[in-house]
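Given next are the chains, with one letter for each unit.
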Amino acid sequence: MTYAIELKDLRKSFGKTEIIRGANLAVQPGERVAVIGPNGAGKSTLFNLISGRLTPTSGEVWLNGQRIDGKKPYEINRLGLARSFQITNVFPKLSVFENLRCGALWSLGHRYTFLRFLSSLTDANERAETLLRQVGLAGKRDVLAINLTYAEQRALEIGVTIAGGASVILLDEPTAGMSTTETTHFINLIREVTEGKTLLTVEHDMGVVFGLADKIAVVVYGEVIAFDTPERVRADARVQEAYLGSPVADAQGGMH
Amino acid sequence: MNAVAKPSMPTARLVTWGGFAALLVVAPLLLSSSLALNILSQIGYLIIICLSYNMKLGQGGMLSFGHAVYTGLGSFAAVIAINYFSNHNIGLPLVVVPLVGGLVGALVAVPLGYVSTKKAGTTFAMISLGIGELVVAIAMMLPDVFGGDGGISINRTYGQPLLGVTFGPQIQVYYLIAVYCFVCTALMFAFTGTPLGRMLNAVRDNPERVAFIGFNTQLVRWYSFIISGFFAGIGGALAAINFEIFNAADALSGLKSGAYLLFTFLGGVTFFFGPIIGAILMVLASVLLSELTSAWLLYLGFVFLIMVMYAPGGVASLIMVNVRMAHFGKLRRLWGLYGGLLVTGVVMMLGVAALIEMIYHRQLNAGAGPVVQYLGVPLDTGAVTPWLGAAALAVVGWALMEGVRRRFARAWSTAQEEIESEIQARGALQ
Amino acid sequence: MEFFTISLLNGLSYGLLLFMLSSGLTLIFSMMGVLNFAHASFYMLGAYLAYLISGVVGYWPALIVAPIAVGLLGALFEQVCLRRVHKFGHVPELLVTFGLSYLVLEVVQLIWGRAVVPYGLPEQLQGPLFSIYGTQFPKSRAFIMLVAVLMLLSIWLVLTRTRIGYIIQAALTHPDTVEALGHNVPRVFMLVFGGGAALAGLAGVVAGNTYVTEPAMAYAVGPIIFVVVVVGGMGSLAGAFLASLLIGVIQTFAVAIDRSLGDLLAGMGMQVTASGGLEQVLRLTVAQVAPILPYLFMVLILIFRPKGLLGTRET
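Residues numbered from 1 in each chain as written. Chains lettered and ligands numbered in written order. Predicted model: local features only at pLDDT ≥ 70, side-chain atom pairs only at ≥ 80, totals over all residues.

Participant: How do you make sense of the overall build of chain C when you look at a structure like this?
Facilitator: In terms of helices and strands, chain C carries 14 helices and two strands. In terms of overall dimensions, chain C is globule-like: its C-alpha atoms have a radius of gyration of 21 Å, near the 20 Å expected for 315 residues. Over its C-alpha atoms, taken along the principal directions, chain C stretches across nearly 70 × 50 × 40 Å. Counting across all 315 residues of chain C, residues that qualify as buried make up 46%. In chain C, 78% of the contacts between residues at least 6 apart in sequence involve partners at least 24 apart. (Helix = DSSP H or I, 4+ residues; strand = E, 2+ residues; numbered from the N terminus. Rg over C-alpha atoms; globule rule 2.2 N^0.38 Å. Buried ≥ 20, exposed ≤ 12 C-beta atoms within 10 Å, placed from the backbone. Contact = placed C-beta atoms within 7 Å.)

Participant: For this particular structure, what's the right way to read the arrangement of the chains?
Facilitator: The top pair by number of contacts, from a total of two pairs of chains in contact, is chains B and C. A minimum C-alpha distance of 12 Å separates chain A and chain C, which share no contact.

Participant: What's the story with the interface of chain C and chain B in this structure? I'm lost.
Facilitator: Think of interface size as the accessible area that goes away when the parts come together; that is how it is often given. Across the contact, 40 residues belong to chain C and 35 residues belong to chain B. At the level of secondary structure, the elements contributing two or more residues to the side of chain C that touches chain B comprise helix 3 (59-85), helix 4 (90-112), helix 9 (217-232), helix 12 (276-283), helix 13 (286-289) and helix 14 (293-304) of chain C. Here the element with the most residues in the side of chain C that touches chain B is helix 4 of chain C; it accounts for 12 residues. The residue inventory of the side of chain C that touches chain B, partitioned by class, reads 31 nonpolar, seven polar and two charged. (Nonpolar A, V, L, I, M, F, W, Y, C, P; charged D, E, K, R; others polar.)

Participant: I keep staring at the interface of chain A and chain B and nothing clicks. Help me out?
Facilitator: On the side of chain B, 27 residues touch chain A, which itself brings 33 residues to the contact. If you list the elements that add at least two residues to the side of chain A that touches chain B, you get helix 2 (73-78), strand 6 (81-83) and helix 3 (96-105) of chain A. Classifying every residue of the side of chain A that touches chain B gives 16 nonpolar, 10 polar and seven charged.

Participant: How should I be thinking about the domain arrangement of chain B in this particular structure?
Facilitator: Here the domain parsing of chain B yields domain 1 (15-297) and domain 2 (328-429). Here domain 1 of chain B and domain 2 of chain B have C-alpha centroids that lie 34 Å from each other. (Domains from an automatic or database assignment.)

Participant: I keep staring at the confidence of the model for chain B and nothing clicks. Help me out?
Facilitator: All names here are of chain B. Per-residue confidence for chain B gives a mean pLDDT of 88; residues scoring 70 or more make up 97%. Confidence scores differ between elements of chain B, with strand 3 (residues 371-374) showing the lowest mean pLDDT of 77 and helix 10 (residues 217-243) the highest of 96. Within the model, the stretch residues 1-7 combines pLDDT values under 50 with three contacts to residues more than four positions away or in other chains. (pLDDT = per-residue confidence, 0-100.)

Participant: Is there a simple way to explain the sheet that holds strand 5 (residues 66-67) of chain A in this structure?
Facilitator: Strands in a sheet are paired, the pairing made by backbone hydrogen bonds, and the direction either parallel or antiparallel. Residue and element names in this part refer to chain A. Judged by pairing direction, the sheet is antiparallel, and its four strands sit side by side in the order 2-1-4-5 without closing on themselves. If you trace the sheet from one side to the other, it starts and ends with strand 2 (17-27) and strand 5, each paired once. Alignment of strand 1 (residues 5-14) against strand 4 (residues 58-63), held across five bridges, turns out to be antiparallel. Bridging across to strand 4, Leu7 finds its partner in Val61. Strands in contact with helix 1 (residues 43-51) are strand 1, strand 2 and strand 4; relative to strand 2, the strand with the most contacts, it is inclined by about 65 degrees. (Pairing = 2+ DSSP bridges. Axes fitted to C-alpha atoms, helices over the stretch in contact; angles between N-to-C directions.)

Participant: Quick question: what am I supposed to make of the pairing of strand 9 (residues 215-220) of chain A here?
Facilitator: Remark: a regular strand shows side chains that alternate across the two faces of the sheet. All names here are of chain A. When you tally the buried positions in strand 9, you get five out of six residues, the bulk of the element. Here strand 3 (residues 32-36) runs beside strand 9; their pairing, made up of four bridges, is parallel. Considered in strand 9, the bridge of Ile36 is made with Val218. Looking at chain direction, strand 9 and strand 10 (residues 223-228) are connected through five bridges and run antiparallel. When the bridges of strand 10 are listed, Ile216 appears paired with Asp228. Here strand 9 folds back onto strand 10 in antiparallel fashion, the turn holding two residues, of which Tyr221 has a positive phi close to 50 degrees.

Participant: Looking at this structure, I do not really get the sheet that holds strand 6 of chain A. What am I missing?
Facilitator: Residue and element names in this part refer to chain A. The strand order across the open sheet formed by six strands is 6-7-8-3-9-10, and the pairing between neighbours is mixed. In this open sheet, the two edge strands, each paired with only one partner strand, are strand 6 and strand 10. Along the sheet, successive strands turn relative to each other by an average axial angle of 15 degrees, direction set aside.

Participant: What's the story with the packing of helix 2 (residues 34-56) of chain B against helix 13 (residues 274-292) of chain B in this structure? I'm lost.
Facilitator: A packed helix pair is summarised by two numbers, namely the angle formed by the two axes and the spacing between the axes. Residue and element names in this part refer to chain B. Their axes nearest at 8 Å, the elements helix 2 and helix 13 cross at an angle of 135 degrees. The orientation of helix 2 relative to helix 13 falls into the category oblique. The interaxial crossing formed by helix 2 with helix 13 has right-handed handedness. Side by side, helix 2 and helix 13 meet where Ile39, Gln42, Ile43, Leu46, Ile47, Cys50, Leu51, Tyr53 and Asn54 of the first sit next to Gly274, Pro275, Ile276, Gly278, Ala279, Ile280, Met282, Val283 and Val287 of the second. Within the contact of helix 2 with helix 13, the residues separate by chemical class into 14 nonpolar, four polar and no charged. (Parallel < 35°, antiparallel > 145°, perpendicular 65-115°, else oblique. Left-handed = near helix turned anticlockwise from the far one by under 90°.)

Participant: What exactly am I supposed to notice about the pairing of strand 1 (residues 128-132) of chain C here?
Facilitator: Residue and element names in this part refer to chain C. Summarising the sheet, strand 1 and strand 2 (residues 135-138) pair through four bridges and their orientation is antiparallel. Directly across from Phe130, in strand 2, lies its bridge partner Phe137. Here strand 1 folds back onto strand 2 in antiparallel fashion, the turn holding two residues, of which Tyr133 has a positive phi close to 50 degrees.

Participant: Please explain the environment of Leu281 of chain B as it appears in this structure.
Facilitator: All names here are of chain B. Counting through the fold element by element, Leu281 comes out in helix 13. With 23 C-beta atoms counted inside 10 Å, the residue Leu281 sits in the buried group. Distance in space between the C-alpha atoms of Leu281 and Phe263 is 6.9 Å, their sequence separation being 18 residues. Here Leu281 is in contact with Phe263, Leu266 and Gly267, once residues within four sequence places are set aside.

Participant: What exactly am I supposed to notice about the environment of Ile5 of chain A here?
Facilitator: Turning to its location among the elements, Ile5 of chain A is positioned in strand 1. Placed 165 residues apart in sequence, Ile5 of chain A and Leu170 of chain A show a C-alpha to C-alpha distance of 11 Å.

Participant: Looking at this structure, how should I read the packing of helix 3 of chain C against helix 8 (residues 185-208) of chain C?
Facilitator: Residues and elements named next belong to chain C. Where helix 3 contacts helix 8, the two axes come as close as 7 Å, and the packing angle between them is 140 degrees. By the angle between their axes, helix 3 is oblique relative to helix 8. Helix-helix and strand crossings are classified by hand; for helix 3 and helix 8 the assignment is right-handed. The residue inventory of the contact of helix 3 with helix 8, partitioned by class, reads 19 nonpolar, seven polar and two charged.

Participant: Please explain unusual backbone geometry as it appears in this structure.
Facilitator: Only a minority of non-glycine residues have a phi that is not negative, and only a minority of peptide bonds are not trans. Residue and element names in this part refer to chain A. Phi is positive for Asp9, which is not a glycine, with a value near 45 degrees. Take Asp9: it is sitting in strand 1. Even without a glycine there, the phi angle at Asn64 is positive, about 50 degrees. Considering the arrangement of structural elements, one finds Asn64 in the loop between strand 4 and strand 5. By C-beta crowding, Asn64 is classed as partly exposed, having 17 other C-beta atoms within 10 Å.

Shown next, in the form of structure tokens:
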């Protein structure tokens, strides 16, 4: 069985501090996994390790049966993994359409060419138009990314992430800073655009977690202490002790 | 839902480029003095150079202090090629020499660009300075190759005339430059619409994100660097053809690189046509302004500083911002205030310039006596009155200008707010 | 042997001078992210102001007053110009310091002219400190070394032992937090920039009369300190120290070697016969090649160790 993502005893130290202390995870293709854990547990660091932004101190990262730890971000992206960022990370001076088109360029085979016009690349343009509709920004096609509202920027962020057609998507706190209505809308958006893909998302909002995920991975102090279906994770004593089991979480769980 | 149809786009394009071409053709006929022709010729190849520089700075976010390496080596290639052709009776006409310069510029950019683009931002800037100094130093070390202090001169009328054209007269050189200027401008504009050109913009905006959509950031920068070097080489070659001499210490110098930076920035880095304005300003300043006053570099420095602080988009952005105002019909109300700024500004400048001219006169022309001619008025730098008068003029002018400036700023921001709400209103209707 | 010792001493003094300059640059860059293109201009101002002041009250007061004056000018510039472009990003910051360097050059030429000015050594610093094997080591160069070492020590003490030093170190990486704690971060920045300028000015004061004081002195040393900072590793004081000494020593040695490159290669057992361009290259003496050595060094570092000798930051 080839896992979409596999982490084998992954470790990462910054100086003398070990942030990720032996993380193990095996995600099957098509699974939707929510990564939860207390603040400072190392969730974003894990994402950075998987996507190549950071190099592991030891341990292995596998993507679709290929070892990717130590590879550069663009190499990992070309192997089929895309990620979004907690702080919106798009191209501020390009329009929404341009942002999406840029995201699609590499996967469609347009490399560093300067001998063709962007306007003549029908496949890239069509893909960008499709993405535009999918993320609901069709009305803001030519608006500069820097002029969008926060929620719109987050939507664009997702759009750029999936533009390349990657089979494994990492979303780092996609709904951070959103209102309740915006979040509900966003969960549906995420569910639609990641249809059939493997999804890992870091989330704090329990409603999103329980509404979106097939499985939950609980990260505490740099280790994955539980990885199972939402019901079983909820019932896990260790998880309750470390993270869940608060009235706030229960309330959020009932909202979405 | 389709994007809003813009049927006038191709027409607007045609008009702009047609107008540009027409201007290039007609300019020397309207301004036919030899000084004017010289100025136009210099503007022609500097447009190519400044546009190539902006490929790095404005489009790629790569601040380079070493662009003169590529223009200078393009010049060098041109003079070597021309001497080679004429000495060995090779029938390649002058018109292909700029291409030789371009090729050399690109070839040099391959290794130098590889090293330079390993880093970004301020580190890149320092590396470009270091590499620039390295190249100058090497050139100065090998005077037999690079011509030393005397430089290498050429005769651009070498070989057979091409269709009756010898390129001896300046007007013929001008048209050679003009053709290259038009073609190179068009090509560099086309570049901005290609995948590499757009990814270059993306790298400028967010290099980290670029990696996460599959592109190798360094390669994007490197390839663009090489293309920029190509056009820089063409520009340099045309410069050598124009002046018929190559001097290593001048053509490769850090001062020249600094000048490209300064004027491209003044022209405006955020719009494609900004460097064109920069090129024009560069020639006008170095040819005309330098005649007017020996303090021209001082003024230049001030203007540059003010621009960076208050109008970092350069002259081009100032123009476009006013165009936007006019588009929304708000420009009318600002005319009066613009006029006020102009008048008070002139008053202040009269005083400041008088002071500067008097200081310069005492410093540089003391031997010629204490009297300096200032706009036709003789000022005795030995007496107290001119100093006090100039200082008073400067201070009063500045105070008045401050007053007008504040009212202008208020009117401007009110107009901006109105525009914003109009846009919002239109957006809500969609 | 005598050649080696004297050159080593000269190289060390030059290297320490480079360090005086590159340390200020590194501090400003580390603290504020600003690459101060006008750093060498402050160096030049220090020399010229010292010339002015020592003409009035003598050298030793000038040693104190001139750097302070340069520091004040630097702080003023930070407040009026730099602060305003801070929000535009690092490139405009670099550009504004570039503009300043232009202006300073023009103003200096305006006030003092374009020729060398007779900024001389005071009595106490003239003459040799000692002689080794018949060659003299000047007092003035030893004085530069002394000032450099004292300067380094005081920076280290200030940064690690005083309260303001702690604040500066904290503001380096977490300016918002420091501001939230009630410290005036803009004022800290102004202090750091002014301090860096003062250090450069001090370097100018001691170097101006040992070497030559003229308008071209800024451009003569400016690019080299950038090379030092890149080679040492951006943001690393220790790296700047190492790179300064390395480049200073190598440069000084090279300038003193009159053998040609061809001779060198022959000395290593390689007989090379060549013609044309290559022959010209081989005929060059090491001394003639010396000016490009720092830049060559920089290119090599960039290829083989892009982080710099002791660099830790990835810019």
